[in-house]
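Okay, here's what each chain looks like letter by letter:
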Amino acid sequence: MKPKDETKSPDESAYIGSVRRTTLWLGFLYWFVEFLISSILWGILGTDPIVSAPGKLLLMSCGMVLSYGIAAAMFRVRHRHIATKIVVGFSTSLIAAFANTGIDFLLYVLFVRPDPITVDWTNTGYTLVYSMATFVGWSFFFVALLYSFELRERERRLAISREEALAAQMRALRYQVNPHFLFNTLNSITGLIEEGQTIAATRMVMSLSNFLRTTLELDPLHDVRLADELALQTGYLHIEGERYSDRMKLRMDIANGLEEALVPSLILQPLIENAVKHGVGRSPDQVEIVISAAKVGHALEIAVENDIAPETGGGRRQSSGTGIGLKNVADRVQARFPGVGACVSGLVTPKRFRAAITMPLRLA
């Protein structure tokens, strides 16, 4: 059988260690304050605090050890009902009070050496009541300490659960993007093969392989520099350019210094996919795709604009807000930057569509 401590999880061991260290320090502080208060009170009553200090220090040390015993008993029932904690607290405090009273009498005999040795039951009763009050106060103080630690532990676990849920949501949204892109790219490769452009199809397959290798190595929870994100999207557009080279024109308008801005990885992918699909793919004319980045107040705005054919304007206007790509981007941005991030899309002119992402501006 394994020792009991080996079966504890790392989090539980850290929790127990933190409670133990805090209890040791607070127990010392509690009894040090009790020593000061009792010395002042006995001094007011006429007892020399310096002469009585050695005996009080010994009594304080014994009381501290007894308090740690109460704390150990209370810690064992920390998950029990409050009534159980009250019973354990009072019973252990009573036992400790009797023990402390006995120690106090032994120290009295040791330091005063009365002759003959007699028991003053009135003083003994006072000592017992005072000790009981001191230990009960410590037990309530320790219960409050435990509740404080439990509250912090619950908040920590809740924060971890929220982070894990957010991470799972971000990964799910991110992995929904990749099949969408792969589907579109394979359709493009199929089109090239059907047109007999095998060399272009081969180049596209190789470019796709390199692109997928790069994207799969990215962590969806880690941000990348805007310059790196734009380089990835340039690689994607190079893949699509194998099919639409005569009808696609790319222009970038990035404000000075924003290349170092941090953005979620592959956040622009669905926007550029939509620009290719709804713009280049549906227009017989040359289509310009514009990727821009600007600072708006304390926020970063990244936009993708593209020309669209006049006859697709109505359909695009209706479907612009319901596509899976744009919805995923909006969900990712809102999950990553709750209350701050946004993704807005729509027609800016009858022949031009724009999708813009807003997020806090952070530099690498």
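Residues numbered from 1 in each chain as written. Predicted model: local features only at pLDDT ≥ 70, side-chain atom pairs only at ≥ 80, totals over all residues. Heavy atoms only, no water.

Another aspect to go through is unusual backbone geometry. Although it is not a glycine, Leu266 sits at a positive phi angle of roughly 60°. Position of Leu266 among the secondary structure elements: in the loop between β3 (262–264) and α7 (269–280). Given a relative accessible area of 1%, Leu266 falls into the buried group. (Helix = DSSP H or I, 4+ residues; strand = E, 2+ residues; numbered from the N terminus. Buried < 20%, exposed > 50% of the residue type's maximum accessible area, 1.4 Å probe, protein only.)

Further remarks concern the environment of Phe111. Within the fold, Phe111 resides in helix α3 (residues 82–112). For Phe111, a relative accessible area of 42% gives the class partly exposed. It is 9.1 Å that separates the C-alpha atoms of Phe111 and Pro54, two residues lying 57 residues apart in sequence. When sequence neighbours within four positions are dropped, the list of residues in contact with Phe111 reads Pro54, Gly55 and Leu58. (Contact = heavy atoms within 4.5 Å.)

As for its position among the elements, Asp104 is in helix α3. With near-sequence residues (within four places) excluded, Asp104 lies in contact with Leu59 and Thr127.

Two numbers describe a pair of packed helices, the interaxial angle and the distance between the axes. The contact between helix α5 (residues 198–217) and helix α6 (residues 226–244) brings their axes to 9 Å, and the two run at 160°. Between α5 and α6, the angle is such that the two are roughly antiparallel. Where α5 crosses over α6, the two elements pack in a sense that is left-handed. Only Leu232, Gly235, Tyr236, His238, Ile239, Glu240 and Glu242 of α6 make contact with α5, whose side of the interface consists of Ala200, Arg203, Met204, Ser207, Leu208, Phe211 and Thr214. Among the residues making up the contact of α5 with α6, the classes are represented as seven nonpolar, four polar and three charged. (Axes fitted to C-alpha atoms, helices over the stretch in contact; angles between N-to-C directions. Parallel < 35°, antiparallel > 145°, perpendicular 65-115°, else oblique. Left-handed = near helix turned anticlockwise from the far one by under 90°. Nonpolar A, V, L, I, M, F, W, Y, C, P; charged D, E, K, R; others polar.)

Further remarks concern the side chain of Ser93. With respect to the helices, strands and loops of the structure, Ser93 is situated in helix α3. Engagement of the side chain of Ser93 in a polar contact is seen with the backbone oxygen of Gly89, the distance being 2.6 Å. The residues contacting Ser93, other than those within four sequence positions of it, are Ile70, Met132, Phe135, Val136 and Ser139. (Polar contact = N/O pair within 3.5 Å; in protein donor to acceptor, adjacent residues only side chain to side chain.)

Function cannot be inferred from these measures alone, as they are strictly geometric.
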